[in-house]
Amino acid sequence: MDEAKPFDIPKRLVWDAYRHVRSRKGGAGVDEVALEEYERNLKGNLYKLWNRMSSGSYFPVPVRLVEIPKKRGGIRPLGIPTVEDRIAQTVVKMVFEPEVDLHFHRDSYGYRPKKSAIEAVGVARQRCWRYDWVLDLDVKAFFDSIDHVLLMRAVRRHTRCRWVLLYVERWLKAPQQNPDGTCVSRDRGTPQGGVVSPLLANLFLHYVFDAWMVKHHPDIPFERFADDLLAHCKSINQARELLAELRDRFVECGLELHPTKTWIVYCKDDDRRGSWEHETFDFLGYQFRPRRAKNRFGKYFVSFLPAVSPRAAKAFRDVIRSWHLHLRSDKCLDDLSRMFNPILRGWLNYFRHYYKSATYLTLRMFDRVLMRWAMRKYKRLRRHRRRAIHWLGQIAKRDPKLFAHWTMGLRPAAG
């Protein structure tokens, strides 16, 4: 029988947290212990973690810094915790999230149960029809700039659980190990890549932005997905005034709005006269801009609509190129479907919701890669582009479920 511990943490909670981490996979931290190696002595490792967390002797090790390129240029620093720290953070998240999520604003969509990015895009779409102006806000280096004192004040407001408070504070203070092996202490920020970081970031921006907007501007609707923020205004003057107030508000909370990535956007359509410097913005992979649409009577008009952004489409075409699919002549078409169709389906399921014709260029490119693969694999198709396209078209007609876009009637075609 285990002796009494200062903190009552159920063993089952640690086991459930491990199962969650296992389902998400992920790389090794500074200890270079991968999940497979951790599982070789799973029972013993989980017991040791539970024992240390229950006794208060658990201290996180430094997070491993990994730098990845941003879509808009620059570098995004990711802090990768060890497998054990990810399990411990999941334990805390499973206890803390139900307590705090109840208080979040209904228009906060990022990393929340029963909320999604596509839902945020849909709400933004509707509001762009009702409001002429959008304030597109970009927080500069948000995850690296979070004030620990203010964040812990917010955490204490929503839980009295001593071990949750203890371990959240320890994670915030855990040093960062750079690629050259040096460790750097941190007095601000919460590392992207941590399990609990999105929840803490949501909590911080709830008080910095969501609750502040409800108190000071209850008539201005907004959508927020983590640190991606939109606010809808009735006039350019309202947008300018709100922007000036928000700049001060964010500075007051230790944050800064990006000077060149924060702007006011005019939701231009057939009914809105004049023009403005910015008439387009990107939000969660979608680009909002004036687009040709057709009403229920068959008449064409210009509406302000979202569709897959050029940046997101190019990024996925780069992914397709990275597969080097045309060189896999040792595979059959069914093999390619099993390997790549789940990725294709996931991308299409997200971007087909709004203005799906904007995805066609990328999907046609995938078919051209398939055509190159067929011409390389089968002698009778070599140097016969039209014959290869016809061959693929016949297969798509016979088995439209083989690739995700074929089910929507987008069959291989020359061009």
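It should be noted that the structure appears before, not after, this text.
Everything quoted here is computed from the prediction, not taken from an experiment.

Undergrad: What is the right way to look at the overall build of the protein chain in this model?
TA: Each helix and strand in the protein chain was counted, giving 14 helices and eleven strands. With the principal axes as the frame, the protein chain shows a C-alpha extent of 75 × 60 × 40 Å. Evaluated residue by residue, the protein chain yields a buried proportion of 49% over its 415 residues. Look at the contacts in the protein chain between residues 6 or more apart in sequence, and 67% of them connect residues 24 or more apart. Surface accessibility of the protein chain: about 21600 Å² in total, with carbon and sulfur atoms responsible for 50%. A gap of 10 Å separates the mean positions of the 77 positive and 47 negative side-chain charges of the protein chain.

Undergrad: I'm lost on the sheet that holds strand β11 (residues 300-308) in this one. Help?
TA: Pairing between the strands of a sheet is mediated by backbone hydrogen bonds and can be parallel or antiparallel. Across the sheet, which stays open at both edges, the three strands sit in the order β9-β10-β11 with antiparallel pairing between neighbours. Because the sheet does not close on itself, it has two edges, and the strands there are β9 (281-283) and β11. On average, each strand axis in the sheet is inclined to that of its neighbour by 50°, with strand direction left out of account. Across the sheet, helix α5 (residues 117-130) lies against β9, β10 (286-294) and β11, angled at about 155° from β11, the strand it touches most.

Undergrad: Got a minute to help me understand the environment of Leu-392 in this structure?
TA: In this fold, Leu-392 is placed in helix α14 (residues 385-398). Between the C-alpha atom of Leu-392 and that of Ala-374, which follows or precedes it by 18 residues, the distance is 8.3 Å.

Undergrad: Is there a simple way to think about the packing of helix α1 (residues 11-24) against helix α4 (residues 83-101) in this case?
TA: When two helices pack together, you describe them by how their axes are tilted relative to each other and by the distance separating the axes. Look at α1 against α4: their axes get within 8 Å of each other, and the N-to-C directions meet at 115°. Relative to α4, the element α1 lies roughly perpendicular. For the pair α1 and α4, the sense of crossing is right-handed. Between α1, through Leu-13, Val-14, Asp-16, Ala-17, Tyr-18, His-20 and Val-21, and α4, the contact on the second element is made entirely by Arg-86, Ile-87, Thr-90, Val-91, Met-94 and Val-95. Here the residues of the contact of α1 with α4 are counted per class, giving nine nonpolar, two polar and two charged.

Undergrad: Honestly, the packing of aromatic side chains in this entry has me stumped. Any pointers?
TA: By the definition in use, this model includes 27 aromatic pairs. Between Phe-281 and Phe-304 the ring centres are 6.1 Å apart and the planes differ by 35°, which places this aromatic pair in the tilted class. Highlighted residues: Phe-281 in strand β9 and Phe-304 in strand β11, separated in sequence by 23 residues. The buried category is assigned to Phe-304, whose relative accessible area is 0%. Centre to centre, the rings of Trp-347 and Phe-351 are 5.2 Å apart; their planes meet at 50°, and the pair counts as tilted. Here Trp-347 and its partner Phe-351 are both found in helix α12 (residues 333-351), four residues apart, which amounts to about one turn of the helix.

Undergrad: Sorry if this is basic, but what is going on with the sheet that holds strand β2 (residues 75-80) here?
TA: Strands sit in the order β2-β1-β4-β5 across an open sheet of four strands; the sheet is mixed. The two strands at the open ends of the sheet, each matched to only one other strand, are β2 and β5 (183-184). Here strand β1 (residues 63-69) pairs with β2 via six bridges, running antiparallel. The partner of Pro-69 across the bridge, within β2, is Ile-75.

Undergrad: For this particular structure, what's the right way to read the side chain of Arg-112?
TA: For Arg-112, the location among the structural elements is in the loop between α4 and α5. Polar contacts involving the side chain of Arg-112 include one to the main-chain carbonyl oxygen of His-105, which spans 2.7 Å. For Arg-112, the contacting residues outside a window of four places in its chain are Asp-101, Phe-104, His-105 and Asn-202.

The rules we used
- Residues numbered from 1 in each chain as written.
- Predicted model: local features only at pLDDT ≥ 70, side-chain atom pairs only at ≥ 80, totals over all residues.
- Heavy atoms only, no water.
- Helix = DSSP H or I, 4+ residues; strand = E, 2+ residues; numbered from the N terminus.
- Buried < 20%, exposed > 50% of the residue type's maximum accessible area, 1.4 Å probe, protein only.
- Contact = heavy atoms within 4.5 Å.
- Areas by Shrake-Rupley, 256 points an atom, 1.4 Å probe, with all protein chains shown as cover.
- Lys, Arg positive; Asp, Glu negative; His and termini not counted.
- Charge placed at Lys NZ, Arg CZ, Asp CG, Glu CD.
- Pairing = 2+ DSSP bridges.
- Axes fitted to C-alpha atoms, helices over the stretch in contact; angles between N-to-C directions.
- Parallel < 35°, antiparallel > 145°, perpendicular 65-115°, else oblique.
- Left-handed = near helix turned anticlockwise from the far one by under 90°.
- Nonpolar A, V, L, I, M, F, W, Y, C, P; charged D, E, K, R; others polar.
- Phe/Tyr/Trp six-rings, centres within 6.5 Å; stacked < 30°, edge-to-face > 60°.
- Polar contact = N/O pair within 3.5 Å; in protein donor to acceptor, adjacent residues only side chain to side chain.

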